[in-house]
Amino acid sequence: MTLRILLIASQFPPTNATGARRPYYLARQLRDAGHVVTVLTSLRDEEQPWSVDMEGMHVHRFRTPSTPPWFTSWQGALHRAATRSRGGRGGRAIGLLAELLLPLDHLHRWDPAPEVLEELVGEQDVVVATGPLWSMVQLGGEMARRCNATFIADYRDPWTIALPEVGLHVLTYMGPWPASWSRRLRHSAWERKATREASFTAATKGLLKNALLLNGERPALQVYNGAPGPATMPGMPKNPRFTLVYTGSVYREQEWDLVLRAVDLLERDHPEVAGTSRLLVVGMRTAHDSSLSDLGRRMDQRPTIERQARLGREEVLGLQQQADLLLHVGFGEKQVLPLKLFEYIASGRPIAQVGSGMSEQVEIIERTRTGTTLTTPETFVDHWLECHALWQAGEAIPFDPDKEAIAQFTWEVQMERFHQFILERHAEKAGISGSEGPGR
């Protein structure tokens, strides 16, 4: 069955942003299966472009104008007032008013109106929409209705929150009360309306459960993120110092205090080991969250920890493969599953999973036999000492990953599951409506 599939995402390669990988690998899987794939996405300037294969996809990129031309006169005036007042006196009040009265994500809406996009893409059989801007899901629902198409809303992050454990401050904080109350009411109403006819996919169990609690039961499937390929199993690295590596984003909910306490114990009780060790923290960004600025200062006070700026994709993957240990920091009770975990398990290097309890992250590491779970500063230090002694003796850290289990977390396998879900949902819709025509 050949389908015409429209994919809507505010981030899409070429880009180095981790969030853009899921829709890209889905689009590539659908194209390779013989479907006609059209992508609507934002036109973005990327500091570190990611060179990828997009041959055979119809990709349309749109600018974010100063004021979308399809806004009414009063909407345009309020939009401009909110734009001018950002960060200024009275900006919060005007910004909240604009959020309550203007279209969703009004500061980031594309130039063309939905009816123009409909003419551009033509008839579609399936519409898949994902974030991170939730106006993408809203637009997806509208485009699916216009085309009478099967609609699938893909959750990489939560939109509104029914389960507190899926929320992260940087993604879901809506400001202090009562503004947060008003925003949440409108966002939940937007979400229910946008996904009324949708089936759901989500990157974690928690995200899927959260979406179903908010919007009601309907066909749904958890589809993990992935890594480009199975573990490459590189040879033992030869680092001048015993090297632990952490790459990617840092969040306030992570249990970094556990890591810092372990480093303090190591530097105090085992200075000779600390002196020949380093923990590289690569790509940490702090500007969006003041608590992370404080965490960065605390890291800088510890000689064993070295922070490095954000690197390109290939450099990050190379750094992971050169590590003696990869550090993964847990989220406590939060149900979060970072994309870098899948890169870690495919890197061929052992993982030190540092966190206070069981989680979906721990389940995956144990299933793939790619690391050790460490729940206290003391157990982390003990593991550090054991691995350092092996490094010092020129011996490899014991590591016996389950390659078959790891292979289940490749993009190819996970996106094929997504593909099959799309076929099933479309077959159900076509059977109910009795639709005839190309792709049905």
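The paragraphs below set out a description of the structure included in this document. Residue numbers restart at each chain and count upward from 1, following the sequence in its written direction. Per-residue local features of the predicted model are confined to residues with pLDDT of at least 70, and side-chain atom pairs are confined, for both listing and counting, to 80 or more; whole-chain, interface and lining totals are unaffected and use all residues. Heavy atoms from the whole structure form the basis of all side-chain values; hydrogens and water molecules are not counted.

Below, the discussion takes up the sheet that holds strand β10 (residues 305-308). Pairing between two strands requires that DSSP report at least two bridges joining them. Strands are runs of DSSP state E lasting at least two residues, helices are runs of H or I lasting at least four, and both sets are numbered from the N terminus onward. Spatially, the six strands line up as an open sheet ordered β10-β9-β8-β11-β12-β13, and their pairing is parallel. Because the sheet does not close on itself, it has two edges, and the strands there are β10 and β13 (371-374). Neighbour-to-neighbour, the strand axes of this sheet turn through a mean angle of 25°, independent of strand direction. Relative to β13, strand β12 (residues 351-354) runs parallel, the two being bridged by four bridges. Note on definitions: angles span 0 to 180 degrees between N-to-C directions of axes, and those axes are lines fitted to C-alpha atoms, for helices only across the stretch in contact.

The next point concerns the nonpolar core. Counting residues in hydrophobic clusters, the biggest one holds 72 residues, and the most contacted among them are W256, F380 and I422. The dominant element in this core, judged by the number of residues it contributes, is helix α9 (residues 256-269), at seven residues. Two residues qualify as a contact provided that any one of their heavy atoms is within 4.5 Å of a heavy atom in the partner residue. In this view, F380 contacts L244, V259, A262, L327, A352, V354 and L374; residues no more than four positions away in its chain are not counted. Here, nonpolar core refers to any group of buried Ala, Val, Leu, Ile, Met, Phe, Trp, Tyr and Cys residues whose side-chain atoms link them within 4.5 Å. With a 1.4 Å probe rolled over the protein chains alone, any residue whose accessible area is under 20% of its type maximum counts as buried; one over 50% counts as exposed, and the rest are partly exposed. Counting residues in hydrophobic clusters, the runner-up holds 34 residues, among them F62, L104, C147 and V166.

Before going further, it helps to examine the packing of helix α4 (residues 114-121) against helix α5 (residues 135-147). Helix packing geometry: the angle between the two helix axes and the distance between the axes. Taken N-terminus to C-terminus, the directions of α4 and α5 make an angle of 55°; their axes are 11 Å apart at the nearest point. Here α5 runs oblique to α4, going by the angle between their axes. Note on packing geometry: the crossing formed by α4 with α5 is right-handed. Judged by residue contacts, P114, E115, L117, E118 and V121 of α4 engage L139, E142, M143 and R146 from α5. Relative orientations are named as follows: roughly parallel for angles under 35 degrees, roughly antiparallel for angles over 145 degrees, roughly perpendicular for angles from 65 to 115 degrees, and oblique for any other angle. With the far helix as reference, a near helix turned anticlockwise by less than a right angle produces a left-handed crossing, and one turned clockwise produces a right-handed crossing.

A ring pair, where both rings are aromatic, is described by two values, the distance of the centres and the angle of the planes. Pairs were defined over the aromatic rings of Phe, Tyr and Trp, the Trp ring being its six-membered one, requiring ring centres within 6.5 Å. Orientation was assigned from the angle between planes: stacked under 30 degrees, edge-to-face over 60, tilted for the rest. One pass over the full model with this rule turns up 15 aromatic pairs. Where F62 meets W110, the ring centres are 5.2 Å apart and the plane angle is 40°; that geometry is what we call tilted. With F62 in strand β3 (residues 58-62) and W110 in the loop between α3 (91-101) and α4, this pair connects stretches of sequence that are 48 residues apart. On the basis of relative accessibility, which here comes to 4%, the residue W110 falls in the buried class. Here the aromatic residues F12, Y24, Y25 and W411 are joined through ring pairs into a cluster of three or more.

As a general point, the strands of a sheet are linked pairwise by backbone hydrogen bonds and lie either parallel or antiparallel. With parallel pairing, the seven strands of this open sheet are ordered in space as β3-β2-β1-β4-β5-β6-β7. Here the strands that pair on one side only, and so sit at the sheet edges, are β3 and β7 (220-222). The average undirected angle you get between the axes of adjacent strands in this sheet is 15°. Both strand β1 (residues 4-8) and strand β4 (residues 126-129) contribute to a ladder of four bridges, which runs parallel. When the sheet's bridge partners are listed, I8 is paired in β4 with A129. α5 rests against β1, β4 and β5 (150-155) of the sheet, and its axis sits at about 170° to β4.

This brings us to the side chain of T204. Note on placement: T204 falls in the loop between β6 (198-202) and α8 (205-215). Judged by relative accessible area, which is 4%, T204 ranks as buried. Distance and chemistry together define a polar contact, namely a pair of N or O atoms within 3.5 Å, with one atom able to donate a hydrogen and the other to accept it when in protein, and with adjacent residues in sequence counting only for side-chain atoms on both sides. There is a polar contact of 3.0 Å between the side chain of T204 and the backbone nitrogen of L207.

Below, the discussion takes up the pairing of strand β9 (residues 277-282). On a regular strand, each side chain points to the face opposite its neighbour's, so the side chains alternate between the two faces of the sheet. Counting buried positions over the six residues of β9 gives five, a clear majority of the element. Where strand β8 (residues 242-247) meets β9, six bridges bridge the pair, whose relative direction is parallel. Bridged to T247 within β9 is V282. Pairing of β9 with β10, which is carried by four bridges, proceeds in the parallel orientation. What sits directly across from V282, in β10, is Q308. Orienting the strands away from the viewer, one traces the path from the first strand over the helix to the second; a clockwise path indicates a right-handed crossover. Considered for its hand, the β-α-β crossover made up of β9, helix α11 (residues 290-300) and β10 is right-handed.

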